[in-house]
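# Structure assessment
Listed below, chain by chain, are the residues.
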Amino acid sequence: AMMEFESLKLSIDETVATIAFSRPEVMNAFNTQQIIDLNEATEIVKNDSSIRVLVLTGEGKGFTSGADLSENDPTWKDTKDALMRGYFPSINNIISMPKIVIGSINGPAAGIGAAYAMACDLRIMSEEAFILSVFSNIALVPDGGLSWLLARNIGYSKALEFAIEAKKIGSQECLQLGIANKVCSPENLESETQKWAQAISMRSPQAVSNTKKIMRDSLEKKFIQTYEDEANTQNSILGNDEFKEGVAAFFEKRKPVFK
């Protein structure tokens with residue numbers, strides 16, 4: 001199934017959904033329409049329990065180049081309003097949906113685009129792609145949660161260096177820093193992404209969604225709190241149907257099929 005929005009496409013292939021920004025003529029820069037469309041598309045995916053993996057990518061040469069600075073839109077009363085009421089719902093959907101979001105970074109992910117790339121759970125990057133906190137070039141601070149996402153993922157000093165000097169983090173460096181899980185050639189990106197998404201979608205949904213939640217939450221918690229989260233979750237799922245299927249498959253030496 002394919003849903004065409006004005007600024008992006010949402011396609012659903014059984015358990016894998018793909019959202020592709022589709023304003024390639026402006027490197028998928030965010031205008032108000034794209035903000036609204038992404039909020040709606042991520043909401044649909046989040047609430048569809050048959051979808052297990054979401055791929056976020058861009059058409060053309062860019063993932064997304066950030067906010068469309070040529071647009072002066074009366075929808076938002078100021079920048080804070082655009083960030084809180086505009087961008088936050090979709091960023092929060094990516095972070096909190098009980099399924100894995102793979103950023104398939106096909107080209108530059110700059111500005112708020114870097115925040116969306118970093119908000120994803122996993123990243124596969126085209127060799128030519130890069131992440132760029134461009135903000136300091138125009139005398140601004142990183143936004144869209146990028147300060148938190150970069151510092152948490154690569155550590156304060158490197159994150160600060162990349163942010164204040166507006167330095168590109170190329171695909172190979174992303175791989176070394178652990179923020180790209182995989183890097184491949186531009187022509188193989190789509191097939192490699194889909195292959196990975198399919199593989200993850202075959203895993204136990206309760207294992208995947210609960211692991212995402214516990215690990216995400218752990219970034220803001222003490223050890224004992226996460227330890228208890230694990231114990232509580234384990235207690236609530238051990239012995240249920242998915243668990244039984246996993247154990248049966250193990251003993252029968254077959255691949256489990258999670259309904």
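A brief structural summary.

### Thoughts on unusual backbone geometry
- Within the chain, Asn-28 stands out as a residue other than glycine whose phi angle is a positive 60°.
- Judged by its relative accessible area of 0%, Asn-28 is buried.
- Phi at Ala-139 is positive, roughly 65°, even though this residue is not glycine.
- Among the structural elements, Ala-139 can be located in the loop between strand 8 (130-132) and helix 4 (146-154).
- The exposed category is assigned to Ala-139, whose relative accessible area is 70%.

### What to know about the pairing of strand 4 (residues 53-58)
- With 6 of 6 residues buried, strand 4 lies mostly within the body of the structure.
- Pairing geometry for strand 3 (residues 16-21) and strand 4, over 6 bridges, is parallel. Looking at the pairing, Ile-19 lines up with Leu-56 of strand 4.
- Each parallel crossover has a hand, and for strand 3 linked through helix 1 (residues 32-47) to strand 4 it is right-handed.
- As defined by bridge partners, strand 4 adjoins strand 5 (residues 100-105) across 4 bridges and the pair is classed as parallel. For Val-55, the partnering residue across the bridge sits in strand 5 and is Ile-102.
- Between the parallel pair strand 4 and strand 5, the chain is carried across by helix 2 (residues 79-96), and the sense of this crossover is right-handed.

### Some words on the packing of aromatic side chains
- Summed over all chains, the structure comprises 7 aromatic pairs.
- Ring geometry for Phe-21 and Phe-30: centres 5.4 Å apart, planes at 70°, overall edge-to-face.
- By relative accessible area, Phe-30 is classed as buried at 2%.
- Arranged with centres 5.4 Å apart and planes meeting at 75°, the rings of Phe-30 and Tyr-87 form a pair that is edge-to-face. Of this pair, Phe-30 sits in the loop between strand 3 and helix 1 while Tyr-87 sits in helix 2, placing them 57 residues apart in sequence.
- In this structure, Lys-168 is placed above the aromatic ring of Phe-130, and the distance from its NZ or CZ to the ring centre is 4.4 Å.
- Here the guanidinium or amino end of Lys-182 rests over the ring plane of Trp-196, the centre of that ring lying 4.7 Å away.

About the criteria used
Residues numbered from 1 in each chain as written. Predicted model: local features only at pLDDT ≥ 70, side-chain atom pairs only at ≥ 80, totals over all residues. Heavy atoms only, no water. Buried < 20%, exposed > 50% of the residue type's maximum accessible area, 1.4 Å probe, protein only. Helix = DSSP H or I, 4+ residues; strand = E, 2+ residues; numbered from the N terminus. Pairing = 2+ DSSP bridges. Right-handed = clockwise from strand over helix to strand, strands pointing away. Phe/Tyr/Trp six-rings, centres within 6.5 Å; stacked < 30°, edge-to-face > 60°. Lys NZ or Arg CZ within 6 Å of the ring centre and 35° of its normal.

Scope: geometric values only; no functional claims are made or implied.
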